[in-house]
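Working through the structure, step by step
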Amino acid sequence: MEFIARYYPFYISGTVATLCIAVITVFFGTIIGVFVSLFRLSRNPLLSAPANLYVQVLRGTPALLQVMIFYFGISRLVHIPSVYIGTVNLARFIPGCAALAINSSAYTAEIVRAGINAVPIGQTEAGYSLGLTKAMTMREIVLPQAVRNILPALGNEFISVIKETSLLSVIAIQDLLFVASNIQASSYLIMEPLYVAAAIYFTLTCCVSAALAYLEKRLARGWR
Amino acid sequence: MISVEDVRKSFGKHEVLRGITNHVEAGEVVVIIGPSGSGKSTLLRCLNMLEPPTAGRVVFKGEDMTAPRVNVSRLREKMGMVFQQFNLFPHRTVFENITLAPLKLKKGTKEEVEALAESLLKRVGLAEKRNAYPSSLSGGQQQRIAIARALAMRPDVMLFDEPTSALDPEMVGEVLKVMEELVEDGMTMVIVTHEMGFAREVGSRILFMDEGVIIEEGTPGDIFERPQHPRTVDFLSKVLR
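First, a word on what this report is: a plain description of the structure on this page. (Residues numbered from 1 in each chain as written. Chains lettered and ligands numbered in written order. Predicted model: local features only at pLDDT ≥ 70, side-chain atom pairs only at ≥ 80, totals over all residues. Heavy atoms only, no water.)

A few points about the pairing of strand E7 (residues 157–161) of chain B
Residues and elements named next belong to chain B.
- A large share of E7 lies buried, amounting to 5 of its 5 residues.
- On E7, burial covers both faces: Val-157, Leu-159 and Asp-161 on one face and Met-158 and Phe-160 on the other are all buried.
- The pairing of E7 with strand E8 (residues 188–192) spans 5 bridges and is parallel. Each bridged residue has a counterpart across the sheet, and for Val-157 the counterpart in E8 is Thr-188. (Buried < 20%, exposed > 50% of the residue type's maximum accessible area, 1.4 Å probe, protein only. Helix = DSSP H or I, 4+ residues; strand = E, 2+ residues; numbered from the N terminus. Pairing = 2+ DSSP bridges.)

Structure (structure tokens):
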């Protein structure tokens, strides 16, 4: 295990990169996903049809392929200068995160849609009957209740995203997996660097699980 | 107050309301009775556009609610509704349930809205439940809060959709008592109910509906003592044993 003493700074920078990618992906993925789900639930087919297609395409193609299409596609369309933050090149980081966020948004959209649909229709009717507009009813009454339906599934999505960040190693983003395979090459060790990476991924997802379990309990306070 | 003009409502091929025309005057208490599936709840829900009619007009205080581009939300502010399933907001306390809509719709300053909410809570006898969540209340208590919530918008008319049908029998009385007090205050009310004793006692006019039409209407005396139509006679013979 003496290779850890030598290579641990790389593991740290890789873990930081992985966490940054995951947080950015979940943040933008959730925001986009909420809007996509509202479009999907819209009665206007001009909104719901494209949103349906969006979800179908993103769920029906491999995430790895989407990452590659985004990376090569964005690089051809716009020139992002190679700016380094630590070991991370923004020219790769931005398209990579965009691909993961958009991929995640399709799954989040489905989670949010199911969460909204699970709020009884009587809640919406009660809001309308008091004179609240559609937007107020959605914001004040339906969404707060939907959040509690959504949270467990959204937590699973967060955990999936942490694991999927490893896809970005194919476009040479120095995330945890990329770092681990570099260490393999330079230390001539085959399994050990991978085991360490696996342990770090597992620790991250366990922490997220525990945090979510706590949050769910907090949200359940007062109302059932 | 409310004019209903040849209102029809279809769900798919099934026509639930087959041409309803009626008029509710200010101060009237109109009670709609009839067998299940006769369309009485649908009619009530057409009054505030929770079910937009397929044809016909609903005119509330001179404004056609069925007209395109009419601001239905603004008209609904003046039409309180109480539901069979209460539909309190489970994520808000009792007090927040009552103040949410008037605060959001700026029906007064925070102080005014809260003062009104406090007095409504007293009126329905639940002042001590101010900070409770709906899930901790009994059905009867929830329904009384639902009435207070609707009253907090200072409505001109109150619509009741089978307000006691989901309640345990021992809780029906407390809800009917609050409704009786509203009647005494002169509130205009349209009530769909199976409580025939209550209908007879507080109704200024009874509508008997069956198969999507109003079969017969009149004072409680007309309907309960001297029903004219054989279907009314048949229905009452089954419910008034």
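Examining the sheet that holds strand E3 (residues 29–33) of chain B
Residue and element names in this part refer to chain B.
- The strand order across the open sheet formed by 6 strands is E6-E7-E8-E3-E9-E10, and the pairing between neighbours is mixed. Strands at the two margins of the open sheet, each flanked by one partner only, are strand E6 (79–82) and strand E10 (213–218). Across the sheet, the axes of successive neighbouring strands diverge by a mean angle of 20°, strand direction being ignored.
- Of the strand pairs in this sheet, E3 and strand E9 (residues 205–210) are connected by 4 bridges, and their pairing is parallel. Looking at the pairing, Ile-33 lines up with Phe-208 of E9.
- Sheet contacts for helix H6 (residues 169–184): E3, E7 and E8; angle to E8, the most-contacted strand, approximately 145°. (Axes fitted to C-alpha atoms, helices over the stretch in contact; angles between N-to-C directions. Contact = heavy atoms within 4.5 Å.)

With respect to the packing of aromatic side chains
- Scanning the model with the defined rule gives 4 aromatic pairs over all chains in all.
- Between the aromatic rings of A:Phe27 and A:Phe28, the centroid separation amounts to 5.1 Å while the plane-to-plane angle is 85°, which identifies the pairing as edge-to-face.
- A relative accessible area of 42% places A:Phe28 in the partly exposed class.
- The ring of B:Phe95 carries the charged tip of B:Arg130 above its face, separated from the ring centre by 3.8 Å.
- Across the ring face of B:Phe89, the terminal group of B:Arg149 is positioned such that the distance to the ring centre comes to 4.4 Å. (Phe/Tyr/Trp six-rings, centres within 6.5 Å; stacked < 30°, edge-to-face > 60°. Lys NZ or Arg CZ within 6 Å of the ring centre and 35° of its normal.)

Things to note about the interface of chain B and chain A
- On the side of chain A, 19 residues touch chain B, which itself brings 24 residues to the contact.
- Carbon and sulfur atoms make up 63% of the surface buried where chain B meets chain A, a total of about 2000 Å² over both sides.
- For the pair chain B and chain A, the number of links is 3 salt bridges.
- For B:Lys104, the salt bridge goes to A:Glu140, with nearest N and O atoms at 3.1 Å.
- Where chain B meets chain A, there are 7 residue pairs in polar contact (both at pLDDT 80 or more).
- Residue assignment for the side of chain B that touches chain A shows that the elements contributing at least two residues are helix H2 (72–76), E6, helix H3 (94–104) and helix H5 (139–151) of chain B.
- In terms of residue count, the dominant contributor to the side of chain B that touches chain A is H3(B) (3 residues).
- Residue classes in the side of chain B that touches chain A are distributed as 13 nonpolar, 5 polar and 6 charged. (Buried area = accessible area lost by both parts, 1.4 Å probe. Salt bridge = Lys/Arg side-chain N within 4 Å of Asp/Glu carboxyl O. Polar contact = N/O pair within 3.5 Å; in protein donor to acceptor, adjacent residues only side chain to side chain. Nonpolar A, V, L, I, M, F, W, Y, C, P; charged D, E, K, R; others polar.)

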